[in-house]
Amino acid sequence: MRALDLYEKGKVKQFKRDYHGFSALVSGTKPYEVSVSNQYYDQGNCQCYLGQNDTLCKHMVVVAIYAVMDGKKLSNEDKKISLSPVCSNRLGNLEKGELSIIKKSIIASLEYTKLEPACIKTFKELTGRETCFGWEEPLWEISEKK
Ligand SMILES: [Zn+2]
């Protein structure tokens, strides 16, 4: 809740994404340099007392929230704590524009997906074989790059 408060008061400044994760300057009693891993949102560094003692602090949590929300306003639904996936009960078709946005975000997330070296080796062996599933081509491309 304290991290949400920081988020809504616009305390996250100079937010940056890099290969390893996210960094920002979070203003509190003084400005803290904060970084959060993009693989484990609950891991990172902060200059505050808790952060220096390896404890997840509100500054790291607010940077993780900023990374997920892209700085956009939080809805009341976003602020609820959910312990499992919840169905929206909305049925419908995606518009072409919405579909395109979702596809782009999936493709961007794939950048962070890592394949096991053993899988890459297996896909190399499958190169050129038709499986009739149609998903093999991008995997061949990945295994050829490695
Ligand atoms: Zn902190």
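So, a few notes on the structure that sits alongside this text. (Residues numbered from 1 in each chain as written. Predicted model: local features only at pLDDT ≥ 70, side-chain atom pairs only at ≥ 80, totals over all residues.)

## Describing the sheet that holds strand 2 (residues 21–27)
Here's step 1: A sheet is described by the order of its strands in space; here 4 strands give the open sequence 1-2-3-4, paired in antiparallel fashion. What marks the edges here is a single partner per strand, and that holds for strand 1 (12–17) and strand 4 (44–46). Shown here is a sheet whose adjacent strand axes are inclined to one another by a mean of 10°, direction ignored.
Here's step 2: Along the sheet, helix 3 (residues 58–69) makes contact with strand 1, strand 2, strand 3 (31–37) and strand 4, crossing strand 3 at roughly 60°. (Pairing = 2+ DSSP bridges. Helix = DSSP H or I, 4+ residues; strand = E, 2+ residues; numbered from the N terminus. Axes fitted to C-alpha atoms, helices over the stretch in contact; angles between N-to-C directions. Contact = placed C-beta atoms within 7 Å.)

## Looking at the pairing of strand 3
Here's step 1: Along strand 3, the buried face is formed by Y32, V34 and V36; none of P31, E33, S35 and S37, which line the opposite face, is buried.
Here's step 2: Where strand 2 lies against strand 3, 7 bridges are found, and the strand directions are antiparallel. When the sheet's bridge partners are listed, F22 is paired in strand 3 with V36.
Here's step 3: Linking strand 2 to strand 3, which pair antiparallel, is a turn of 3 residues.
Here's step 4: Of the strand pairs in this sheet, strand 3 and strand 4 are connected by 3 bridges, and their pairing is antiparallel. Looking at strand 4, one finds that V34 is bridged to C46.
Here's step 5: Here strand 3 hands over to strand 4 after 6 residues, the two strands then running antiparallel side by side. (Buried ≥ 20, exposed ≤ 12 C-beta atoms within 10 Å, placed from the backbone.)

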